[in-house]
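The lines below spell out each chain.
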Amino acid sequence: MSVPAIEVRDLRKTYRTPFARKKVEALRGVTFTVETGHIFGFVGPNGAGKTTTIRTLMGLIKPSGGAASLLGHPIPSRAARAKVGFLPEAPYFYDYLTVPELLDLAGRLFGVPRAVRLKRADALIERVGLGRARNQSLKKFSKGMLQRAGLAQALMNDPELVVLDEPMSGLDPIGRKEVRDLILELRDQGKTVFFSTHILSDVEAITDRVAIIARGQLQAHGTPAELVAKTIQGVELMVRLAADVDPGELVTGADKVRRIGDELSLMLPASADVDAWLQRAHAAGAKVISVSPRHETLEDLFMREIASADSSPAAMEGRT
Amino acid sequence: MIGRIWAIALNTFREAVRIRVLYGIIVLVVGANLLTIVLGQMAATDGARVTRDVGLAGISLFGSLTAILLGVFLLYTEVQRRTIHSIISKPIERWEFVVGKYAGMALVLSVLVGVFTVAMLGMLLLQGVGISEAILKAVVLSWFEVMIVAAIAIFFSSFSTPFLSGIFALALWVIGRVTPDIEAATRASSPVIQWTTKITLYIIPDLHLFSVSGSSVDGVSVSVHGDFVSWGYVGLSALHGLGWIAGLLALAAVLFHRRDFA
């Protein structure tokens, strides 16, 4: 069995406020594993502990408890960092440098030989779409351009594992699509990608596994399919009904009703007798457009898990 | 290891040379050196004496003040602006980062001391005065003083804000320069005060060792204008300075190692 790319066991981080010495638990025993070759999405609201987890993995923060390893090396490990590429959240780089200079610095710190450094930097600058800005100092870069520069510097060591903290942040839809494509390309090259994000559609689109974190604890962990396809939440019945016709009894018993012009959308309970509803629709003079089971989406799951974390005893304790 | 330290040093050099205040300081010191020609002609003693005094004072004073300025800001801004996140997450040890920052600063300060020295020597040559061994020894001693002050500033910057680090570093620099005076002032005091002073002075770099012109060394009066210290004295002082630099950087590295970069 291959060594996991990331292994986190009961990771804890507690801060103390400077004067009051009050405890703030940023991580309360986080446990998960990222297998090699996977794209792993780490999702959670602001303040959930995503960045704290990532910074702990990257050796920027010391854990208060638990253990973690990168590519089999317990953190903090210089040997592991040599094989990991990291994009920090809202990256800020030395603004007096140009992109080639930034990549040269990154390459030197990774110990990449000069000839390889130059060649790889050129390729990465083109890959992240900064070819036309290569002579500009980073001071003149937009947020999106900085994000691209950050991605390039994270790849200067041709890493086995890429850790990206909010890589889509600050990017327009085209930029987000490009980053998604880049992440998929990295996986195709056999690399493992671990990224945090708020954008659930990106997670659903590209990840092999997802973990949801809230209030410093992991709430759910699995493949997107495992997490959201467990139950059918309801059935959506779409019918066409003349705009001036009163739907009358047709809507009675539906969980949710939405009418746009002559189209009527009914959200029926999962236990509803769909055949009976179809007969009622025909009887009311409506034409059935579609009947589709409604599965839980990642967004539903996310909202549910966050709500559950907010009402947990630990969360209540934190509020008092 | 050397490659990583050099990468940080080079980057620190690039960063520091963009600080415009440095150019103001260079203009000020070079201007003061130029002025010594006029002042020298007005002086009762020989003009070269004024040039040497102003030139060496410029190296020591502005070199040390620049060392404090760079030392308290360059490390702090890395943490404040979070540029450190993309550096420390690479395969570099934190002590290598601290040493690299110091090496970069030392490079900038050496260039600065070099420019000040060239300005002073240029003025001396313009006045038809040769470059004495004494003046070279004095420059080497001043350079070491500047390097120690830079290490003091980096040490405070590893755990404190620029304002506090600046105050602490400035205080140590001032106290370090007048250590014999402090010792002399407490000589007539009670044994408790004498011992307290002695212990305190042990934990403060003795910067007076590097600006001895005009005072006595081992009971002999030395002056950069006449009989100055031997190269042996310069060597021993340099070793003393290197010890302080190594100690301060080691402490800074330990403190930096314990920090969280949240």
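Given the structure is predicted, the values throughout are model-derived calculations rather than measurements.

About the thresholds
- Residues numbered from 1 in each chain as written.
- Chains lettered and ligands numbered in written order.
- Predicted model: local features only at pLDDT ≥ 70, side-chain atom pairs only at ≥ 80, totals over all residues.
- Helix = DSSP H or I, 4+ residues; strand = E, 2+ residues; numbered from the N terminus.
- Buried ≥ 20, exposed ≤ 12 C-beta atoms within 10 Å, placed from the backbone.
- Contact = placed C-beta atoms within 7 Å.
- Rg over C-alpha atoms; globule rule 2.2 N^0.38 Å.
- Pairing = 2+ DSSP bridges.
- Axes fitted to C-alpha atoms, helices over the stretch in contact; angles between N-to-C directions.
- Expected span 1.5 Å × (residues − 1).
- Nonpolar A, V, L, I, M, F, W, Y, C, P; charged D, E, K, R; others polar.
- Domains from an automatic or database assignment.
- Parallel < 35°, antiparallel > 145°, perpendicular 65-115°, else oblique.
- Left-handed = near helix turned anticlockwise from the far one by under 90°.
- Core = buried A, V, L, I, M, F, W, Y, C linked by C-beta atoms within 7 Å.

### Points about the overall build of chain A
Here is step 1: Assigned secondary structure in chain A consists of 11 helices and 14 strands.
Here is step 2: With respect to the three principal axes, the spread of C-alpha positions in chain A is 75 × 50 × 45 Å.
Here is step 3: Buried residues in chain A amount to 42% of all 320 residues.
Here is step 4: Long-range pairs, those at least 24 residues apart, make up 70% of the contacts in chain A between residues at least 6 apart in sequence.

### A short note on the overall build of chain B
Here is step 1: What chain B contains, in helices and strands, is 10 helices and 2 strands.
Here is step 2: Reading the helices (α) and strands (β) of chain B from amino to carboxyl end gives α-α-α-α-α-α-α-α-α-β-β-α.
Here is step 3: Here the C-alpha radius of gyration of chain B, 20 Å, is about what a compact globule of 262 residues would show, namely 18 Å.
Here is step 4: Based on the C-alpha atoms only, the size of chain B along its principal axes is roughly 60 × 50 × 30 Å.
Here is step 5: Residues classed as buried in chain B amount to 45% of the 262 residues present.

### Side note on the sheet that holds strand β1 (residues 6–16) of chain A
Whether parallel or antiparallel, the strands of a sheet pair through hydrogen bonds between backbone atoms.
Here is step 1: Pairing is antiparallel across the open sheet formed by 4 strands, whose spatial order is β2-β1-β4-β5 (chain A). Two strands lie at the open edges of the sheet, namely β2 (23–34) and β5 (73–74) of chain A, each paired on one side alone.

### What to know about the environment of A:K50
All names here are of chain A.
Here is step 1: Here K50 is to be found in helix α1 (residues 50–57).
Here is step 2: Distance from K50 to F195, taken between C-alpha atoms, is 9.5 Å for residues 145 residues apart in sequence.
Here is step 3: Residues in contact with K50, not counting those within four places in the same chain, are F42, G44, S196 and I213.

### Side note on the sheet that holds strand β14 (residues 287–295) of chain A
All names here are of chain A.
Here is step 1: A sheet is described by the order of its strands in space; here 4 strands give the open sequence β12-β13-β11-β14, paired in antiparallel fashion. Strands with a single pairing partner mark the edges of an open sheet, and in this sheet they are β12 (256–260) and β14. Across this sheet, the average inter-strand angle for adjacent strands is 15°, counted without regard to direction.
Here is step 2: Sheet analysis places strand β11 (residues 232–240) next to strand β13 (residues 263–269), joined by 7 bridges and oriented antiparallel. Residue M238 lies in a different strand from β13, and its bridge partner there is S265.

### Considering helix α1 (residues 2–16) of chain B
Here is step 1: Helix length check: α1(B), at 15 residues, gives a terminal C-alpha distance of 20 Å against a target of 21 Å (1.5 Å per residue), a fit within 8%.
Here is step 2: Restricting attention to buried positions, one finds in α1(B) the residues B:R4, B:I5, B:A7, B:I8, B:A9, B:N11, B:T12, B:E15 and B:A16.
Here is step 3: Along its buried surface, α1(B) packs onto α3 (99–110) of chain A together with α3 (47–80) and α5 (94–126) of chain B.

### Overview of helix α5 (residues 143–154) of chain A
Here is step 1: Between its terminal C-alpha atoms α5(A) stretches 16 Å, which fits the 16 Å expected from 12 residues at 1.5 Å a residue.
Here is step 2: For α5(A), the tally of buried residues reaches 9 of 12 residues, placing the bulk of the element in the interior.
Here is step 3: Residues of α5(A) that are buried make contact with β6 (84–87), α3, α4 (114–127), β7 (161–165) and α6 (173–188) of chain A together with α4 (83–88) of chain B.

### Here's the deal with the pairing of strand β4 (residues 65–70) of chain A
All names here are of chain A.
Here is step 1: The pairing of β1 with β4 spans 5 bridges and is antiparallel. Residue R12 lies in a different strand from β4, and its bridge partner there is G65.
Here is step 2: In this sheet, β5 lies alongside β4 in antiparallel orientation, the contact comprising 2 bridges. Bridging from a neighbouring strand, L70 pairs with H73 of β5.
Here is step 3: Linking β4 to β5, which pair antiparallel, is a turn of 2 residues; within it L71 sits at a positive phi near 50°.

### Focus on the environment of A:S2
Here is step 1: In this fold, A:S2 is placed in the segment before β1.
Here is step 2: Note: C-alpha distance between A:S2 and A:L71 (69 residues apart in sequence) is 9.7 Å.

### Brief notes about the interface of chain A and chain B
Here is step 1: Each partner contributes residues to the interface: chain A has 23 residues there, and chain B has 22 residues.
Here is step 2: Broken down by element, the side of chain A that touches chain B gets its largest block of residues, 5 residues, from α3(A).
Here is step 3: A per-class count over the side of chain A that touches chain B returns 15 nonpolar, 3 polar and 5 charged.

### What to know about the domain arrangement of chain A
Here is step 1: One can read the domain layout of chain A as domain 1 (6–228) and domain 2 (232–295).
Here is step 2: Its C-alpha centre places domain 1 of chain A at a distance of 45 Å from the equivalent point of domain 2 of chain A.

### Considering the packing of α3(B) against α5(B)
All names here are of chain B.
Here is step 1: At a closest axis distance of 10 Å, the pairing of α3 and α5 adopts a crossing angle of 165°. In terms of orientation, α3 lies roughly antiparallel with respect to α5. Here the hand of the crossing between α3 and α5 comes out right-handed. Each of A48, T51, G55, G58, I59, G63, T66, A67, L70, G71, L74 and L75 in α3 lies in contact with α5, whose residues at this interface are K101, M105, V108, L109, L112, V113, F116, T117, M120, M123 and L124.
Here is step 2: Residue composition of the contact of α3 with α5, by class: 15 nonpolar, 7 polar and 1 charged.

### A look at the nonpolar core
Here is step 1: Grouped together as the largest cluster of nonpolar side chains are 149 residues, with contacts concentrated most on B:A150 and B:A151.
Here is step 2: Ranked by residues supplied to this core, first place goes to helix α6 (residues 133–157) of chain B with 17 residues.
Here is step 3: If we ignore the near neighbours within four places in the chain, the residues touching B:A151 are B:Y102, B:W244, B:I245, B:L248 and B:L249.
Here is step 4: If you look at the next biggest cluster of nonpolar residues, it comprises 11 residues, including A:L237, A:L264, A:L268 and A:W277.

### Digging into unusual backbone geometry
Here is step 1: Cis geometry marks the peptide bond from A:I75 to A:P76, where omega comes out at -5°.
Here is step 2: When you line up the elements, A:P76 lands in the loop between β5 and α2 (78–81).
Here is step 3: Positioned with a positive phi, A:L71 is a non-glycine residue whose angle comes to about 50°.
Here is step 4: For A:L71, the location among the structural elements is in the loop between β4 and β5.
Here is step 5: Overall, A:L71 belongs to the buried group, with 21 C-beta atoms counted inside 10 Å.
Here is step 6: Within the chain, B:R82 stands out as a residue other than glycine whose phi angle is a positive 65°.
Here is step 7: Here B:R82 lies in the loop between α3 and α4.
Here is step 8: C-beta crowding within 10 Å serves as the criterion here: with 18 such atoms nearby, B:R82 is assigned to the partly exposed category.

### Overview of the environment of B:G241
All names here are of chain B.
Here is step 1: As for its placement among the helices and strands, G241 is situated in helix α10 (residues 231–257).
Here is step 2: A count of 23 C-beta atoms within 10 Å places G241 in the buried class.
Here is step 3: On a C-alpha basis, the gap between G241 and I148 in space is 6.4 Å, while along the polypeptide they are 93 residues apart.
Here is step 4: When near neighbours in sequence (up to four residues on either side) are disregarded, G241 contacts F144, M147 and I148.

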